[in-house]
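# Understanding the architecture of this molecule
This is what each chain is made of:
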Amino acid sequence: MHPETLAIRGQMDRTDYREHSPAMYLTSSFTFPNAELMADTFAGLNDDIIYSRYNNPSVDEFISKVCQMEGVEDGFATASGMAAVFASMAALLRSGDHVLASRAVFGSTHQILTQIFPKWGISHTYVDPDDIDNWEQAIQPNTKMLVLESPSNPGLALVDLEKAGQLCKKHGLIFNIDNCFATPVIQTPNDYGADLIVHSATKWMDGQGRVLGGIVVGKTEFIEPIRFFCRHTGPAMSPFNAWLLSKSLETLAVRMERHCSNALRLAQFLEQHPEVAKTIYPFLPSHPQHELALKQMKMGGGIVTIEVKGGLEQGRAFLNAVKMCSLSSNLGDTRSIVTHPASTTHSKLSEAERVAVGINPGTVRISVGLEYIDDIIADIDQALLSSAQH
Ligand SMILES: *Cc1c(COP(=O)(O)O)cnc(C)c1O
């Protein structure tokens, strides 16, 4: 069956009540009929469920669906995307190891690499996402893992996943990709040899701005130590969130189709707009890596990044001028959201650091929602025009 079908039909066994929608196992622990079975379970002689920090039927259903959609063997679900990002690195790295990382990684991933890992003797080198032909030079004898995102946030730079896979194979690196922006509907990094695929389920997977969640899936050889790490450090996903996220996966493919068609229409409109200096969207022919986007992505994604002509001032004024779109730091919601990275999420970086990750003073990130496209365009158009007068 196709991944879209598996996401809908791949649910856990029904209980004796024969419920149609899956039951939610909101329980911290599970019982045993006798001492002998309990002892056997603790000894690892069977797979019975003990405690929800280890596993839970609702969480297992979510994990197995994401594994099927990504085409991989195994996974562990966490309370947030960052818990998954952290576990995917911390469980496998040790003091003295080096990480090769794309410069354009999520803000908190950057904090882990630059503020937390150095305390434990784990170093990193940043490389530019669109410069993969020169990444090899940054590999050291102690390089253990490659960490990247594609497309990146908010610059929408792509990493050539085929080349990344070849580089990891040649040098024996663990290929760890945050696939949150693309979702498995748009790209499945396992096709290129990814060992670990991480998601913030908070974004497109939930898609309705309700709960936090994360997941890391991939090859059993790497998931095993991650599962051990998570079971004993405790970032488990709540069964309630897992139940809700598992339901959300049933509609992920159709939602992404509409997010992407809305985003393409909006990008085409903005590219012609007199107040917009630059429009970035992977499926616009003007994107510098458009060919690569067509090769490795089925659709262009739900994020459009623009640069308004009037820089910082107009960026701020634009946010104040939108009427329908929300001002929020989240993305991947049914509701369109606008953010101005230079004055909010990336305000603590220096201007040079911002430019290095594709953020200029007038950069505005638009997470394109599921509203009727003409209404999205109308709101953004009026906000651009009115912000120009300030
Ligand atoms: C939001 C996000 C994260 C972090 O996820 P949380 O669920 O907020 O912890 C990680 N990576 C990317 C690309 C994200 O967009």
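Conventions adopted
Residues numbered from 1 in each chain as written. Predicted model: local features only at pLDDT ≥ 70, side-chain atom pairs only at ≥ 80, totals over all residues. Heavy atoms only, no water. UniProt positions renumbered as here; feature names shortened; annotations may be inferred. Domains from an automatic or database assignment. Contact = heavy atoms within 4.5 Å. Buried area = accessible area lost by both parts, 1.4 Å probe. Pairing = 2+ DSSP bridges. Helix = DSSP H or I, 4+ residues; strand = E, 2+ residues; numbered from the N terminus. Buried < 20%, exposed > 50% of the residue type's maximum accessible area, 1.4 Å probe, protein only. Arc of directions from axis to C-beta. Polar contact = N/O pair within 3.5 Å; in protein donor to acceptor, adjacent residues only side chain to side chain. Salt bridge = Lys/Arg side-chain N within 4 Å of Asp/Glu carboxyl O. Near = heavy atom within 4 Å. Nonpolar A, V, L, I, M, F, W, Y, C, P; charged D, E, K, R; others polar.

Within an unreviewed UniProt entry, the label attached to the chain reads O-succinylhomoserine sulfhydrylase, and the organism entered is Haliscomenobacter hydrossis. For the chain, the Cofactor (unreviewed entry) comment in UniProt is given as "pyridoxal 5'-phosphate".

Here the focus is the domain arrangement of the chain. Here the domain parsing of the chain yields domain 1 (3–249) and domain 2 (253–388). The straight-line distance from the C-alpha centre of domain 1 to that of domain 2 is 27 Å. Between domain 1 and domain 2, the contact holds 31 residues from the first and 36 residues from the second. With both chains or domains summed, domain 1 and domain 2 bury close to 2900 Å², and 61% of this area falls on carbon and sulfur atoms.

This paragraph deals with the sheet that holds strand β12 (residues 363–367). A sheet is described by the order of its strands in space; here 5 strands give the open sequence β8-β9-β12-β11-β10, paired in mixed fashion. A strand with exactly one partner marks an edge of an open sheet, and here the two such strands are β8 (276–280) and β10 (326–327). Here 4 bridges tie β8 to strand β9 (residues 303–308), and the two strands are oriented antiparallel to one another. Looking across to β9, one finds that Val276 is bridged to Val308.

Our focus in this paragraph is helix α6 (residues 161–171). Inspection of α6 places Leu161, Ala164, Gly165, Leu167 and Cys168 among the buried residues, and these make up the whole buried set. The buried residues of α6 occupy an angular sector of 160° when the element is viewed end-on, so they sit on one face. Across α6 from its buried face, at more than 90 degrees, point the exposed residues Lys169 and Lys170. Buried residues along α6 sit in contact with β2 (98–102), β4 (143–149), β5 (174–178) and α11 (290–296). For α6, the N-terminal cap is Asp160; the gap from its side-chain oxygen to the backbone nitrogen of Glu162 is 3.1 Å. Remark: Gly172 follows α6 within two positions and exhibits a positive phi of approximately 65°.

The next point concerns the environment of Ala378. Mapped onto the fold, Ala378 is located in helix α14 (residues 373–388). Along the primary structure Ala378 and Cys260 are separated by 118 residues, whereas in three dimensions their C-alpha atoms are 18 Å apart.

This brings us to the pattern of salt bridges. Summed over the entire model, instances satisfying the criterion amount to 13 salt bridges. Of the charged contacts in the structure, one is a salt bridge between Arg227 and Asp74, with a shortest N-O distance of 2.6 Å. Placement of the pair is Arg227 in helix α8 (residues 220–233) and Asp74 in strand β1 (residues 74–78), with a sequence separation of 153 residues. The same class applies to Arg227 as to Asp74, namely buried. Between Asp133 and Lys163 there is a salt bridge; the shortest N-O distance is 3.1 Å. Residue Asp133 is found in the loop between β3 (123–127) and β4, and its partner Lys163 is found in helix α6; the two are separated by 30 residues along the sequence.

Every residue close to the ligand is listed here: Ser80, Gly81, Met82, Phe106, Glu149, Asp178, Cys180, Phe181, Ser200, Thr202, Lys203 and Gly213. Gly81 places a polar main-chain atom, nitrogen or oxygen, 2.8 Å from an oxygen atom of the ligand. Interatomic distance of 2.8 Å between a side-chain N/O atom of Ser200 and an oxygen atom of the ligand. For the shell around the ligand, the per-class residue count stands at 4 nonpolar, 5 polar and 3 charged.

Our focus in this paragraph is the UniProt feature "modified residue: N6-(pyridoxal phosphate)lysine" (unreviewed entry) in the chain. Following the UniProt record, one finds the feature "modified residue: N6-(pyridoxal phosphate)lysine" (unreviewed entry) at Lys203. The residue Lys203 is located in the loop between β6 (196–200) and β7 (214–218) in this model. By relative accessible area, Lys203 is classed as buried at 11%. The contact partners of Lys203, leaving out residues within four places of it in the chain, are Phe106, Cys180, Asn330, Leu331 and Gly332.

On the secondary structure map, Thr183 appears in helix α7 (residues 183–186). Thr183 has contacts with His199, Trp204, Leu252 and Met256, leaving out every residue within four places of it along the chain.

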